[in-house]
Amino acid sequence: QKEVEQDPGPLSVPEGAIVSLNCTYSNSAFQYFMWYRQYSRKGPELLMYTYSSGNKEDGRFTAQVDKSSKYISLFIRDSQPSDSATYLCAMTSTGANSKLTFGKGITLSVRP
Amino acid sequence: KAGVTQTPRYLIKTRGQQVTLSCSPISGHRSVSWYQQTPGQGLQFLFEYFSETQRNKGNFPGRFSGRQFSNSRSEMNVSTLELGDSALYLCASSYLRGPYEQYFGPGTRLTVT
């Protein structure tokens, strides 16, 4: 079982839809959870960053972490064509040798 | 503030050759991490440098090495290239040591023929 699993997609939605992206993980030591957005031919861009369980909101984006279920989500409200990109979840434990473990990413297409 | 820059952006090499990739972090950032991104394996951590010392290493063979200079710029070297080394190599910088709040560069696309 991979440490981080992410729905492979792709996902296509109409403009204005609410998008839900999810990841599950198996390592209970993970404490920090991130979402990155990667446009074609670009490097990943940090979107959201949360510590432990709970919700975090930033504009149209909401990140949710449920450590009891080992499940994280990213919600995008009022999706726009400019949101079309690959979304990667990433997570890490704390400590000297902590490193980011990424999901494979899901490609989202928002149709005008 | 300028972002992370990587050079070159594209590279074509032949099996058995070696290659050096360069990364300039965001000004003031002291940590540089390198990642390999492939369609099959996704994004995988190679190593992290902080204050010119390798602080952490992923599960890659010794053919992959790196270094960091006193100005925080970093280079990554791959020796004896194999076809499977074809990938997008990404560099990420952060102010603090560790994988927190990392900012990625655009990557170097390496093709090994």
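Everything that follows concerns the structure shown earlier in this document.
A quick note: this is a predicted structure, and the numbers were derived from the prediction, not measured.

Engineer: Requested: an account of the packing of aromatic side chains, with residues and values cited.
Structural biologist: Enumeration over the complete set of coordinates arrives at 14 aromatic pairs over all chains. Ring geometry for F64 of chain B and Y89 of chain B: centres 6.5 Å apart, planes at 35°, overall tilted. Placement of the pair is F64 of chain B in strand 7 (residues 64-68) and Y89 of chain B in strand 9 (residues 87-94), with a sequence separation of 25 residues. Judged by relative accessible area, which is 3%, F64 of chain B ranks as buried. The structure contains a cluster of three or more aromatic residues connected by ring pairs, namely Y36 and F102 of chain A together with Y35, F45 and F104 of chain B.

Engineer: Lay out the sheet that holds strand 3 (residues 19-25) of chain A in plain terms, naming residues and giving numbers.
Structural biologist: All names here are of chain A. Taken in spatial order, the 5 strands of this open sheet run 1-3-8-7-6, and their pairing is antiparallel. Only two strands of the sheet have a single neighbouring strand rather than two, namely strand 1 (4-6) and strand 6 (54-58). Sheet twist, expressed as the average angle between the axes of neighbouring strands with direction ignored, equals 15°. Judged from the 6 bridges that link them, strand 7 (residues 61-66) and strand 8 (residues 71-76) form a sheet pairing that is antiparallel. Note on strand 8: the bridge partner recorded for V65 is I72.

Engineer: Before we move on, can you summarise the environment of V19 of chain B with the specific residues and values?
Structural biologist: Residues and elements named next belong to chain B. Take V19: it is sitting in strand 3 (residues 19-24). Placed 26 residues apart in sequence, V19 and F45 show a C-alpha to C-alpha distance of 18 Å. Setting aside residues up to four positions removed in sequence, V19 forms contacts with L11, K13, M76, N77, V78, L81 and L110.

Engineer: Hey, could you go over the nonpolar core for me, with residue numbers and the actual values?
Structural biologist: As a rule of thumb, nonpolar side chains are buried together in soluble globular proteins. Residues L21, W35, I72, L74, Y87 and M91 of chain A are the most contacted members of the largest nonpolar core, which totals 25 residues. Elements with a contribution of two residues or more to this core: strand 3, strand 4 (32-38), strand 5 (45-51), strand 7, strand 8, strand 9 (85-92) and strand 11 (106-111) of chain A. Apart from residues lying up to four places away in sequence, L21 of chain A is in contact with L11, W35, I72, S73, L74, I76, Y87 and I106 of chain A. Core analysis: the second largest hydrophobic core is formed by 21 residues, I26, V32, Y49 and L110 of chain B among them.

Engineer: Break down the side chain of S22 of chain B for me, with residues and values.
Structural biologist: Residue and element names in this part refer to chain B. Mapped onto the fold, S22 is located in strand 3. Within polar-contact distance, the side chain of S22 engages the side chain of R73 at 2.9 Å. Discounting residues that sit within four places of it in the chain, S22 has contacts with T5, Q6, T7, W34, R73, S74 and E75.

Engineer: Give a description of the pattern of salt bridges that names residues and reports values.
Structural biologist: A full pass over the atoms with the stated rule returns 7 salt bridges over all chains. Between R37 of chain A and E45 of chain A there is a salt bridge, with its nearest N and O atoms 3.1 Å apart. Residue classification places R37 of chain A among the buried residues on the basis of a relative accessible area of 11%. Judged by its relative accessible area of 35%, E45 of chain A falls in the partly exposed class. With a shortest N-O distance of 3.5 Å, E75 of chain B and R73 of chain B are connected by a salt bridge. In this structure E75 of chain B comes out as buried when scored by relative accessible area, which is 16%. The network of salt bridges with common partners includes R63, E82 and D85 of chain B.

Engineer: Please provide a residue-by-residue account of the state of the cysteines, values included.
Structural biologist: Residue and element names in this part refer to chain A. Per the counting criterion, the structure on display carries 2 disulfides over all chains. Here C23 connects covalently by a disulfide to C89, the sulfurs 2.0 Å from one another. Here the S-S torsion is close to -100°, and the disulfide linking C23 with C89 is therefore left-handed. Remark: C89 occurs in strand 9 and C23 occurs in strand 3; sequence separation between them is 66 residues.

Engineer: An account of the interface of chain B and chain A is needed here, citing residue identities and associated values.
Structural biologist: On the chain A side, the residues contacting the 21 residues of chain B number 23 residues. Of the roughly 1,700 Å² buried between chain B and chain A, counting both surfaces, carbon and sulfur atoms make up 54%. A per-residue breakdown of the area chain B buries against chain A is headed by L43, P99 and Y100 of chain B, which together make up 31% of the total. Taken together, chain B and chain A are joined by 0 salt bridges.

Conventions adopted
Residues numbered from 1 in each chain as written. Chains lettered and ligands numbered in written order. Predicted model: local features only at pLDDT ≥ 70, side-chain atom pairs only at ≥ 80, totals over all residues. Heavy atoms only, no water. Phe/Tyr/Trp six-rings, centres within 6.5 Å; stacked < 30°, edge-to-face > 60°. Helix = DSSP H or I, 4+ residues; strand = E, 2+ residues; numbered from the N terminus. Buried < 20%, exposed > 50% of the residue type's maximum accessible area, 1.4 Å probe, protein only. Pairing = 2+ DSSP bridges. Axes fitted to C-alpha atoms, helices over the stretch in contact; angles between N-to-C directions. Contact = heavy atoms within 4.5 Å. Core = buried A, V, L, I, M, F, W, Y, C linked by side-chain atoms within 4.5 Å. Polar contact = N/O pair within 3.5 Å; in protein donor to acceptor, adjacent residues only side chain to side chain. Salt bridge = Lys/Arg side-chain N within 4 Å of Asp/Glu carboxyl O. Disulfide = S-S within 2.5 Å. Buried area = accessible area lost by both parts, 1.4 Å probe.

Treat this as a map of the structure, not an account of what it does.
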